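# A closer look at the structure
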Amino acid sequence: MGECDEDVLLAIESTCDETAAAVVTRSGRVLGECIATQENLHEQFGGVVPEIAARAHLERILPVIDTSLRQAGVEGKDLHAIAVADRPGLAGSLLVGVVAAKSLALAWQKPLVAINHLHAHLYACQLSRTADGDASVYPAIGLIVSGGHTTLYLCRDAIDLEYLGGTIDDAAGEAFDKVAAMLSLGFPGGVAVARWAEKGDDQAFSFPRSKQHDGSYDFSFSGLKTAVRYAIVGPGRQDFSTLELSDEIKANVCASFEAAVVDVLVAKSRRAIREHGVPRLLVGGGVAANRRLRRQLEEAAEADGFDLVIAPPELCTDNAVMGAIAWKKIDRNDFATLDLDITPGLQRGF
Ligand code: KG4
Ligand code: ZN
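Just so you know, these numbers come straight off a predicted model, no measurement behind them.

## A look at the sheet that holds strand β10 (residues 307-310)
- The five strands lie next to each other as β8-β7-β6-β9-β10, forming an open sheet whose pairing is mixed. Looking at which strands have only one partner, the edges of the open sheet turn out to be β8 (161-166) and β10. For this sheet, the mean angle separating the axes of adjacent strands, direction not counted, is 20°.
- Where strand β9 (residues 280-284) and β10 come together, four bridges link them in parallel fashion. When the sheet's bridge partners are listed, Leu 281 is paired in β10 with Leu 308.

Written as structure tokens, this is what we have:
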């Protein structure tokens, strides 16, 4: 092994459209990391196409793993364990990561650890604090806002999480992407919608804050998406590529839409903190990069007196570094066997 005198593990992530691997030490140091994104493959379809994603993972997984090991100066024999996200996600995508991890575990005779990708997203918050030398971020409420998930958890510790609620239809990021598609802003569209929103009036359109006051921790963004559609084209068939909107209207739609999403996310997170009496909110997933969301969460944290930990931008989107959560499972002797199978789908209640 190279310079490192700490135990190291290899983490593999292939739940959606990022093929990623990382070599991380027990204390959370990243010795090697490689991510192959697929955005360019899915862009023309305006969303992730599962079959294309799976095939791309298959081509990339071994070079990505090899690159992260080389960067770390580590060989298979030096690893303490191999960790892989086995849930939730796209079936074909997950399968590539899990089969690669199982094959290497068998070939190198290393223990296998199965990671819940959503728990890992929240563990990214712990990693940012560990880097600062701070102690545990648990217990906390965890909010995951990504392209595939909008979920609230009560996190007793890194791997003991209770599902409180989540989206019953579109995820927050998915809604951003679909609004971007309607406005021809490209894919993934969250960043573009957020950029247009900065120039717009968030009161220009009165979009619904679905389920905000229903007393549950569930979310729904599909009605909001339809409201945006009706606001820009009305009901009926429409070819959005020929739609001509002024820059002012585009900006106002984006701002009003973004405000509606953020208001509900912030309101439910605040209530979860209050009702469970925990001191901290953890936020992960791609939409956590959204400036309005960050600002409103910071204001809520200040007003309500809770500690806010948002994952660092590079750990908000899918990555394998957050697979460092596997150490917590290793500490509890919680290993997977070579029978490990995938648990795909939109996970509810895990
Ligand atoms: O966590 P992530 O990589 O998604 C999944 O793998 O599920 O996050 C990607 C999502 C996309 O839907 C993207 O549009 C959204 O996060 N996103 C944003 C922003 N940056 C990325 N949404 C709103 N505002 C942003 N600044
Ligand atoms: Zn993710």
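## Topic: the pattern of salt bridges
- Taken as a whole, this structure holds 25 salt bridges when the rule is applied.
- The shortest N-O distance in the salt bridge between Glu 198 and Arg 291 comes to 3.2 Å. Highlighted residues: Glu 198 in the loop between α6 (190-197) and α7 (222-233) and Arg 291 in helix α9 (residues 291-304), separated in sequence by 93 residues.
- In this structure, Asp 304 and Arg 270 form a salt bridge, with 2.8 Å as the shortest nitrogen-oxygen distance. With a gap of 34 residues between them, Asp 304 in helix α9 and Arg 270 in helix α8 (residues 247-276) connect regions that are remote in the sequence.

## What to know about the coordination of the zinc ion (ligand 2)
- Distances from the zinc ion (ligand 2) to its protein donors, His 117 (NE2), His 121 (NE2) and Asp 318 (OD), fall at 2.1 Å.
- Ordering the donors of the zinc ion (ligand 2) by residue number gives the pattern H-x3-H-x196-D. Taken as a pair, His 117 and His 121 lie in helix α4 (residues 117-131) at a separation of four residues, close to a single helical turn.
- We classify His 117 as buried; its relative accessible area is 4%.

## Some remarks on the side chain of Asp 177
- For Asp 177, the position within the fold is in helix α5 (residues 172-182).
- Buried charge without a salt bridge: Asp 177, with Lys 178 as the nearest opposite-charge side chain at an N-O distance of 8.8 Å.
- When near neighbours in sequence (up to four residues on either side) are disregarded, Asp 177 contacts Phe 187, Pro 188, Gly 189 and Gly 190.

## So, the site of ligand 1
- Near ligand 1 lie 19 residues; those nearest to it are Asp 177, Gly 190, Gly 286, Asn 290 and Asp 318.
- The separation between an oxygen atom of ligand 1 and a polar main-chain atom of Gly 148 is 3.0 Å.
- Between ligand 1 and Asn 290, the relevant distance is 3.0 Å, taken from a nitrogen atom to a side-chain nitrogen or oxygen of the residue.
- Across the complex, the protein chains shield 88% of the 550 Å² of accessible surface that ligand 1 would expose by itself.
- When residues of the shell around ligand 1 are traced back to their parent elements, those giving at least two are α5 and α6.
- Top contributing element to the shell around ligand 1 by residue count: α5, with three residues.
- The residue makeup of the shell around ligand 1, split by class, is six nonpolar, eleven polar and two charged.

Parameters at a glance
- Residues numbered from 1 in each chain as written.
- Chains lettered and ligands numbered in written order.
- Predicted model: local features only at pLDDT ≥ 70, side-chain atom pairs only at ≥ 80, totals over all residues.
- Heavy atoms only, no water.
- Pairing = 2+ DSSP bridges.
- Helix = DSSP H or I, 4+ residues; strand = E, 2+ residues; numbered from the N terminus.
- Axes fitted to C-alpha atoms, helices over the stretch in contact; angles between N-to-C directions.
- Salt bridge = Lys/Arg side-chain N within 4 Å of Asp/Glu carboxyl O.
- Donors = N, O, S within 2.8 Å, 3.2 Å for Na, K, Ca; no water.
- Buried < 20%, exposed > 50% of the residue type's maximum accessible area, 1.4 Å probe, protein only.
- Lys, Arg positive; Asp, Glu negative; His and termini not counted.
- Contact = heavy atoms within 4.5 Å.
- Near = heavy atom within 4 Å.
- Polar contact = N/O pair within 3.5 Å; in protein donor to acceptor, adjacent residues only side chain to side chain.
- Areas by Shrake-Rupley, 256 points an atom, 1.4 Å probe, with all protein chains shown as cover.
- Nonpolar A, V, L, I, M, F, W, Y, C, P; charged D, E, K, R; others polar.

Taken by themselves, the reported measurements are silent on function.
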